Amino acid sequence: MRRRPEKVANLLLRAEGWVTAGSLADSLGVTPRSVRSYISQLNARSGAVTAVESGPLGYRADRAVLAGLREDSESATPQDRVHSLVRELLGAPSGIDIHRTAVRLHVSEATVEADLVRVRDLIGGTELKLQRAGPRVMLVGDELAQRRLVSKLAHEEMDEGFADMASLRRTIGLESIDPKSFSPFKHELTTRLGEQGFYVNELAVSDVILHVAIAADRVAQGRALTGTHVNPSAQQKKFAELLDVLTLKHFGTRVGLGDLHHLASLILTRAVTPKGEALEVSLDPHIEWVVQEAVRHASEEYLVDIFHDDFLRRLSLHVQNLVHRAKEQAWSRNPLTRSLKGAYPMVFEVAVSIASEVGDHLQLSLGDDEIAYIAMHVGGRLERNRQSGAVLTATIVCPGYYELHELLRSRIDQSLGSSVEVTAVETDMSPDWAAITTDLVLTTIDPPVPDERTVLLPPFLTDADTERIAAAAARRRRTLRLARLRSELEHYFHPSAFVRPLPALKEPQVIRALGAPLIELGVIDEDYIERAIAREELSSTAFTDALAVPHALKMTAGRTVLSVGVAENSLRWGDTRVQFVVLVAFSEEDREAFQTVFEQLVEVFNERDSVQRLLRRGTNFTDFLDELTAVIDG
């Protein structure tokens with residue numbers, strides 16, 4: 001498949017239900033007409049069956065057909081050819097011949113030369129290089145660096161949606177490994193690690209297993225590691241013994257000590273956390289101090305309750321492992337990074353703050369995947385507070401007849417007790433409806449004026465009834481959240497800080513363009529702009545597929561103002577495309593409002609219908625503010 005149709009396929013496979021042509025066009029930075037062309041190409045390739053269904057609501061993938069079509073695609077794109085070249089170079093110690101490679105790929109020698117330039121870009125910044133002698137090209141570098149390159153290829157494919165082990169194996173060339181062996185290897189490894197007293201990070205262990213498979217395949221080719229981990233720890237030796245047994249059992253290969261100790265180190269620093277106090281781990285005092293200071297400052301800056309001993313210890317252990325990984329350039333991948341940013345932007349922001357300070361002190365440059373793991377630690381610590389704050393109050397209205405109201409209350413407590421707390425029961429046939437102030441009203445009689453708080457119920461609840469209560473509770477929570485956002489936003493916009501159309505520039509230029517009116521208003525200075533750009537370099541602030549929210553880490557604005565930019569066509573922001581960019585300038589006095597505005601603004605722009613409405617109707621400042629208010633009000 002050509003690149004754009006392949007991206008359309010990936011978007012449709014990730015989507016739930018129908019996707020409009022406009023939405024796909026925005027994601028790709030093309031016109032809806034181009035999207036229709038890409039859909040036609042996909043369906044033409046699928047033959048008699050239809051890979052993508054079209055209808056009044058847009059497009060919807062036949063998942064089985066489209067996934068199979070993507071698997072069967074040939075190496076026709078530049079990235080496919082680059083990966084094919086890299087596989088050949090990795091498997092040919094004496095190099096490859098350009099003439100023969102061009103014939104094999106059915107392309108010109110000029111195309112192969114252009115692809116070699118892309119290979120040089122791919123290996124840039126690594127310990128590898130291309131060595132040229134006439135038509136022969138050789139990949140030069142040690143075995144560990146070459147394995148990292150194989151891992152990099154795998155991760156690029158997974159980023160494009162190739163999560164199936166069989167297709168992944170074919171893509172990165174693990175010819176000696178049976179794809180059916182991955183699952184039993186993982187199951188036995190995680191079981192045995194648990195028996196040894198470790199929590200297993202399921203997100204990271206899959207990546208470690210990929211490295212094990214790469215090692216087994218390279219050893220089968222006579223490319224074993226030597227000289228790594230001369231003085232392994234006792235725990236590394238224990239993990240190495242386990243891996244020795246499992247690689248032979250599941251992959252049919254016995255790897256040497258160099259490989260075993262390297263892989264054991266990956267498990268120890270990526271995939272496991274010791275349980276309880278039985279397995280004490282010695283922490284570096286300097287790392288502990290750095291983490292404590294970073295968490296203290298983030299806690300104070302964002303008013304989040306995370307400065308606790310157990311949290312600090314777990315995060316310090318994570319950072320200590322991170323330092324070990326950094327020494328080997330063995331960064332962890334996190335498949336939840338994108339969803340974490342979109343669903344929990346505030347948690348991710350706290351993690352960016354911690355990562356920034358930790359990185360400065362320990363001289364580390366942390367990518368989004370590593371920041372996402374820190375965000376998971378932060379989110380885990382905040383979850384207790386989130387749960388207690390998420391419980392809604394409810395009044396039961398159930399006219400008395402025997403113990404009906406008691407049975408109703410008991411059933412609600414059993415089914416919904418973690419999210420809905422019954423704080424009052426009315427048994428009168430004519431209750432004072434106006435005096436009921438709880439978040440929900442669960443009633444067996446008709447109220448005079450039903451509203452979104454009200455759920456009409458039979459006296460004996462069915463499973464469908466509890467689902468209706470849960471749905472009403474979810475709607476009510478959203479209403480309460482967005483009501484806070486609505487009350488705050490009206491104070492934070494200014495007519496002069498609205499830019500439409502937003503020019504298609506790089507992120508720093510866009511931030512400066514949106515910052516200019518705020519500087520004129522005396523809200524911020526040039527230093528704030530530079531710090532917002534520096535924050536953007538830490539991690540992209542594109543928290544949804546439509547919205548980027550650039551800002552500085554410190555809330556130093558004279559007052560709080562949001563500068564809004566609207567792109568007529570989507571513009572690239574980080575590794576995605578957006579239509580809206582909101583530069584946030586928050587003052588210290590509005591620190592408490594930051595979380596509300598930040599999270600709920602992202603929530604609004606996570607809804608495709610709301611985004612399209614704002615694009616269509618928010619043509620000027622007044623109309624934009626009116627439409628945003630209407631969207632929030634539902």
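The model shown is predicted, which means the values in this text are computed figures rather than measured ones.

With the rule as written, the count across this model stands at 29 salt bridges. In this structure, Glu370 engages Arg325 in a salt bridge whose closest nitrogen and oxygen atoms are separated by 2.7 Å. One end of the pair, Glu370, is in helix α18 (residues 368–390); the other, Arg325, is in helix α15 (residues 309–327), and 45 residues separate them in sequence. Accessibility expressed as a relative area gives 2% for Glu370, which makes it buried. Using a relative accessible area of 3% as the deciding quantity, one classes Arg325 as buried. A salt bridge links Arg476 to Glu452, with the shortest nitrogen-to-oxygen separation between them at 2.8 Å. Of the two residues, Arg476 sits in helix α20 (residues 463–492) while Glu452 sits in the loop between β10 (440–443) and β11 (454–456), which places them 24 residues apart along the sequence.

Across the chain, pLDDT averages 84, with 90% of residues at or above 70. Per-element mean pLDDT across the chain ranges from 57 in helix α9 (residues 165–172) up to 96 in helix α21 (residues 507–520).

Moving on to the nonpolar core. Counting 70 residues, the largest nonpolar core has Ile354 and Phe605 as its most contacted members. Examining the composition of this core, we find that ten residues originate from one element, helix α17 (residues 345–362), more than from any other. The contacts of Ile354, once residues within four sequence positions are left out, are Ala294, Val295, Ala298, Ile306, Leu315, Ile374 and Val378. Counting 28 residues, the second largest nonpolar core, distinct from the first, contains Leu189, Val208, Phe251 and Ala264.

It is worth spelling out the sheet that holds strand β5 (residues 136–140) at this point. Read from one edge to the other, the open sheet built from three strands follows the order β3-β5-β4, with strand pairing classed as antiparallel. A single partner strand is all that each edge strand has here, and the edge strands are β3 (96–97) and β4 (129–133). For β4 and β5, the ladder comprises five bridges, and the chain directions are antiparallel. Residue Ala133 lies in a different strand from β5, and its bridge partner there is Arg136.

For a regular strand, the rule is simple: side chains alternate between the two faces of the sheet. Burial along β10 is two-sided: the residues Leu440 and Leu442 and Val441 and Thr443 are all buried. When strand β8 (residues 392–397) meets β10, the two strands line up parallel, connected through four bridges. Note on β10: the bridge partner recorded for Ala394 is Leu440. Both β10 and β11 contribute to a ladder of three bridges, which runs parallel. In the sheet register, Leu442 faces β11, and the bridge partner there is Val455.

Okay, helix α22 (residues 526–538) next. Every α-helix winds through 3.6 residues per turn, so residues three or four apart in the chain are directed the same way. Here α22 contains 13 residues, and its C-alpha end-to-end distance of 19 Å stays within 8% of the 18 Å for a straight helix at 1.5 Å per residue. Listed in full, the buried residues belonging to α22 are Tyr528, Ile529, Ala532, Ile533, Arg535 and Glu536. The arc that holds the buried residues of α22, viewed along the axis, is 155 degrees, so those residues lie on one side. Of the exposed residues in α22, the ones pointing more than 90 degrees away from its buried face are Glu526 and Glu537. If you follow the buried residues of α22, they end up packed against α17, α21, β14 (561–573) and β15 (576–585). The distance from a side-chain oxygen at the start of α22 to the backbone nitrogen of Asp527 is 3.2 Å, and the residue carrying that oxygen is Asp525.

The subject of this paragraph is the sheet that holds β10. Within a sheet, adjacent strands bond to each other through the backbone by hydrogen bonds, running parallel or antiparallel. As summarised here, the arrangement of the four strands in space is β9-β8-β10-β11, forming an open sheet in which the pairing is parallel. The sheet is open, and its two borders are formed by β9 (420–426) and β11, each paired with just one other strand. On average, adjacent strands in this sheet sit at an angle of 25 degrees to one another, irrespective of strand direction. Sheet strands in contact with helix α19 (residues 404–416) are β8, β9 and β10, and its direction is about 170 degrees off that of β9.

In this section: empty space enclosed by the protein. To find leftover empty space, one rolls a probe the size of a water molecule over the atoms. Following the criterion strictly, the structure yields two cavities of 30 Å³ or more and no others. Estimates place the volume of the largest cavity at around 50 Å³. In terms of lining, the largest cavity is formed by Tyr302, Tyr528, His551, Ala552, Leu553, Lys554, Met555, Val584, Phe586 and Phe594. For the lining of the largest cavity, the residue count by class is eight nonpolar, one polar and one charged.

Calculation rules
- Along each chain, the written sequence defines residue order, and numbers are assigned to residues from 1.
- Thresholds applied to this predicted model are a pLDDT of at least 70 for local features of residues and 80 or more for the giving and counting of side-chain atom pairs; totals over whole chains, interfaces and linings are not thresholded and use all residues.
- Think of the side-chain values as coming from all heavy atoms in the structure, minus any hydrogens and water.
- Salt bridge, as used here, is a side-chain nitrogen of Lys or Arg placed within 4 Å of a carboxyl oxygen of Asp or Glu.
- A run of H or I in DSSP counts as a helix once it spans at least four residues, and a run of E counts as a strand once it spans at least two, with each numbered from the N terminus.
- Exposure categories follow from relative accessible area, calculated using a 1.4 Å probe and restricted to protein chains: below 20% of the type maximum is buried, above 50% is exposed, and the middle band is partly exposed.
- A score between 0 and 100, pLDDT records how confident the predictor is in each residue.
- To form a nonpolar core, buried Ala, Val, Leu, Ile, Met, Phe, Trp, Tyr and Cys residues must be joined to one another through side-chain atoms within 4.5 Å.
- Throughout, a residue-residue contact means that at least one pair of heavy atoms, one from each residue, lies within 4.5 Å.
- Pairing between two strands requires that DSSP report at least two bridges joining them.
- Here the expected length of a helix is defined as 1.5 Å per residue gap, with one fewer gap than residues.
- Note that the arc is computed from the directions linking the helix axis to the C-beta atoms.
- N or O atoms closer than or at 3.5 Å make up a polar contact, with two conditions inside protein: a donor-capable atom paired with an acceptor-capable one, and, for residues adjacent in sequence, both atoms drawn from side chains.
- All axes here are fitted lines through C-alpha atoms, helices being fitted over the stretch that makes contact, and every angle between N-to-C directions spans 0 to 180 degrees.
- Definitions used for this entry: grid spacing 1 Å over protein atoms alone; cavity, a set of points where a 1.4 Å probe fits but cannot get out; pocket, an open set with protein on both sides within 12 Å along at least 5 of 7 lines; lining residue, one with an atom within 4 Å of a point.
- Grid points are joined across faces, edges and corners, and a volume is the space filled by probe spheres set on the points.
- Note that Gly is not counted as nonpolar here; it falls among the polar residues with everything else outside the nonpolar set of Ala, Val, Leu, Ile, Met, Phe, Trp, Tyr, Cys and Pro and the charged set of Asp, Glu, Lys and Arg.

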